[in-house]
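# Working through the structure, step by step
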Amino acid sequence: MLRRLASCVVLITVLWPGHAKAQRIGIAIEQRLAEASGLAVGDTLSVASPNGGPRRPAVVAAIIEPRADPATILRKEYRVRFHLADLAELLGQPDRIDRAAILLQPGVDPDSARALLDRTAFGYELHGTAALAASSSTTFLVVSRFHRAIAIISVLASAIFLLCLMLLKVDARRQDVAMLRFIGISRRTVFIALLLEAGVIAAVGGVLGIGIAALTSAAVNAFYQQTFATTLIFSLLTWRTIVEAALLGLVLGLGAGALAAWRLVRLPPLVLWGRAG
Amino acid sequence: MTIVLDARDLERRHALEGSEVTALRGVSLQVEEGEYVAIVGPSGSGKSTLLTLLGGLDLPSSGSVAILGASLSALPDRALTRLRLERIGFVFQRFHLLPVLTARENVELPMAEMGVAPDARRARAAELLAYVGLADRSGHRPTQLSGGEMQRVAIARALANRPAILLADEPTGELDAATGREILALFRRLHADGTTLVVVTHDERVTSEASRVVRMLDGRIVD
Amino acid sequence: MMTWRWAIRDLLRHPTRSALSLLGVAVAAALLLDMVMLSGGIERSFGELLRSRGYQLRISPLGTLPFDTEATLGDVTALTVALRRDPAVREVAPVLGSTMQGAHGAIAASLVTYGVTPTSQGIYTLESGRDLTATDTVGILLSVPAATRLGAAVGDTVSLRGRLDPQMANAGAERRVLVRGIVRFLYDAREQPSVAVALAAAQRLGGPDLTDRASVLMVRIDEASDLTAVTARLRAAHADVAVNSIDDLVAQFRLRLTYFRQLSLILGSISLVVTVLLVGTLLAITVNERSGEIATLRAIGVARMNIARQVLVQGLLLSVLGGAAGMVLGLGTARWLDAILTSFPGLPAAISFFVAEPAPLAIAAATLLLTGVLAGLPSAWRAASTPIAAALRSDAP
Ligand SMILES: Nc1ncnc2c1ncn2[C@@H]1O[C@H](COP(=O)(O)OP(=O)(O)OP(=O)(O)O)[C@@H](O)[C@H]1O
Ligand SMILES: [Mg+2]
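Residues numbered from 1 in each chain as written. Chains lettered and ligands numbered in written order. Predicted model: local features only at pLDDT ≥ 70, side-chain atom pairs only at ≥ 80, totals over all residues. Heavy atoms only, no water.

## Quick look at the site of ligand 1
Lining the immediate surroundings of ligand 1 are 15 residues, of which Ser43, Lys47, Ser48 and Thr49 of chain B together with Arg393 of chain C lie closest. Each of chains B and C places residues next to ligand 1. Gly44 of chain B has a polar backbone atom sitting 2.8 Å from an oxygen atom of ligand 1. Expressed as a share of its isolated accessible area of 640 Å², the protein-covered part of ligand 1 is 73%. When contributions to the shell around ligand 1 are tallied by element, the ones reaching two or more residues are β1 (3-16), β2 (19-32) and α1 (47-54) of chain B. For the shell around ligand 1, the element with the highest residue contribution is α1 of chain B, accounting for 3 residues. Here the residues of the shell around ligand 1 sort into 4 nonpolar, 8 polar and 3 charged. (Near = heavy atom within 4 Å. Polar contact = N/O pair within 3.5 Å; in protein donor to acceptor, adjacent residues only side chain to side chain. Areas by Shrake-Rupley, 256 points an atom, 1.4 Å probe, with all protein chains shown as cover. Helix = DSSP H or I, 4+ residues; strand = E, 2+ residues; numbered from the N terminus. Nonpolar A, V, L, I, M, F, W, Y, C, P; charged D, E, K, R; others polar.)

Below you can see the structure in the form of structure tokens.
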């Protein structure tokens, strides 16, 4: 199971307003939760730890929109923020925390500070921000490695596809090529003509492809942003990607065209003519 | 004598971007069993058009064709195809053999379509290739054969299902004089063996051998 | 008609062209296969993993999935007794997961600790040494990565230290324990250093917070009883905990894998489109080139059906051969892609994303063949309706 960092799960039930005699604590709830439960600022509810312990009234003091984080979009849980002391008390673990962030004095080397703290105190682990960021983004590294692998397969498939189509297209020109060669047009000229044709096809196809990519990318973003109720961008079409894809398509198209054209012009015109009959 | 082929008042018009070309303007022709009919005439006079109509490859704009009493225009495509397979043999100017099949397989093809058992059709193909003088070339592909040899394979193929009539469109048109003579000798032999033949040709030699010569001009038969 | 012979020889007439189309179909088929394997693979492999030891239900703190958070269940002894009272319940296996500090000589390592009742547990299988006995409170079992990291072997003495208490600046309880065996933990991630100890020992090491607590109870019910009915009954009787059947858990897991299912659907469809385009184009061009041949065949009396069949057979040949090559290629790429995806942090090593199951594979193969035939339909239709006289007339010399 995807084990995650400690997070407190809090049971939330709406409490009758008149019930709230005990001292109320203030909490902030996530926008999604507000929408799903119909809670608004000022509403009172009761909160308790699933591990048992006291049940306390809480009033919604704020509704927050957590920063869009790709690591959490698949989570269905709702987020609620407490004052630290309130939560610790609710959980029956006063004066206890899961983690703390430490801001060092300017100029202090994080690594040496970490080593020093590791030596002098006991009972916790220290992580540098960079290392934490690296370990928490592993999931995305894996996903992007997977995407790259899929991309390699797709490029391979489309290269073969392109080569195949070019071959078929140029092959269909067999008679024309034979004709041109009969009337004395040079191999070179015929080759260049075929290559130009391939280039034009690849270029037009590339432009169409970029258009389709832009449309599908917009559709993908719209769909997932809607599904996960987030502002995260899922499919990013950059100019760099566009240029790379267009160039790759053109190079593949020209390569395939050249290969197919060479296969044709290399043959004597009589063979070209005869084979078609 | 049985009338094998009975064509009446055939007309064939082709619609061409607005205008209309009339290839045949009322042609009637009867062919009796065992006859050797030669159709001659200048280029564009409608000989090939007539032959395609006689063989059921195309349907006339008006008029009718009957083979052994069966009217072609009344037949659905499936029956017409079957009739071509069983009753009609075609020989074309450009041979039209299947390049991926060997000589023997080309001859077997119409029999396979008829559902003849492999052994039987193999034996018959060998017999026919021997008849046209190609017993030793049965395993060769068309590209490995000369024009005359290809035409003889095509004739063997046309005879495979013992057709009631053999239609040939300029069978010597692509061949040199000597090879053309060999093909004509083959037709003479077929005629002697009782095959009904209709041959379209520019070749004046055919006219001397045929039992009847039909002359065409401008889409009509002239006598 | 000698359909097959003709179709095969005709494809061999243009070897480069046919080979390239085959290769294209093969890559598309490989992608399709991979996507079919991906679409249900992880769910299936997750379900299998959950089912592997025969416990059909999991009980975890309300609102959580097993081992998904650090929340624990309280009063486990009472809960276990209550559960056992249900006539369908055969066995209840509590598991307490926590983190401990292990030391062997000078080597120390942080270990994932499972507190179990050795006589009924469903989370590990013994690899070497021997299992814990019911009364064994000083024995432990190590996973291979834990043994490697600590440099410990069966028979060695190791010390375990429970929850660290910064306020006290001490490490809570410490115990000297004996390595009894090396085990494979079913739900461990690759290279995860884990240790199993008796539940009571794990609770004691965890300090007062973990007294009589467990993370998950695995429940085995009578094979003959109705799982849905038992689940509903237990849910009603124990409203303060989450009772999940394996199917429930798989369904929850499924939600998190929407992305992969959508991706596999999209890429699978794209590969089918590529197949259609490749086979379709090739056949269209072949039929075009051969219109003279086709007209000849029609002239000598070959039926329309047989002409169409020949074209369809070519499409079928391309997709069968390309598909066969694609299966081989696909199994290879599936391994590669699986190796990438299974490196997700924290994922149980026993889970695969790409699982080759006969039924989906058969469906993929059938879809591919059908696609090949469908792609040939327009060309087959065109071939069958070739106008004989016109095609013969215009056939090139
Ligand atoms: N499909 C068609 N479309 C338009 N015109 C056609 C078509 N088929 C035949 N024709 C015309 O019909 C006329 C007769 O043609 P046909 O091929 O029958 O002549 P032919 O006597 O066989 O000539 P040749 O001796 O040159 O073979 C010609 O003028 C030709 O252009
Ligand atoms: Mg003619």
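## What to know about the interface of chain C and chain B
The partner chain B presents 27 residues to the 24 residues of chain C that form the contact. Both faces considered, chain C and chain B share a buried interface measuring about 2,300 Å² in area, 60% of it formed by carbon and sulfur atoms. At the boundary of chain C and chain B, one finds 4 salt bridges. Salt-bridge contacts for Asp77 of chain B lead to Arg298 of chain C; the nearest nitrogen and oxygen are separated by 3.1 Å. Our count for the chain C to chain B interface comes out at 9 residue pairs in polar contact (both at pLDDT 80 or more). Of all the secondary-structure elements, those providing two or more residues to the side of chain C that touches chain B are α1 (3-13), α9 (291-299), α10 (304-341) and α12 (388-394) of chain C. For the side of chain C that touches chain B, the class distribution of residues is 12 nonpolar, 3 polar and 9 charged. (Contact = heavy atoms within 4.5 Å. Buried area = accessible area lost by both parts, 1.4 Å probe. Salt bridge = Lys/Arg side-chain N within 4 Å of Asp/Glu carboxyl O.)

## Regarding the domain arrangement of chain C
Residues and elements named next belong to chain C. By domain assignment, chain C separates into domain 1 (2-49 + 257-395) and domain 2 (63-239). The straight-line distance from the C-alpha centre of domain 1 to that of domain 2 is 51 Å. Taking both partners together, domain 1 and domain 2 bury about 550 Å²; carbon and sulfur atoms supply 52% of that area. Put simply, domain 1 and domain 2 have 0 salt bridges between them. Counting every contact that joins domain 1 to domain 2 gives 3 residue pairs in polar contact (both at pLDDT 80 or more). Broken down by class, the residue content of the side of domain 1 that touches domain 2 amounts to 5 nonpolar, 2 polar and no charged. (Domains from an automatic or database assignment.)

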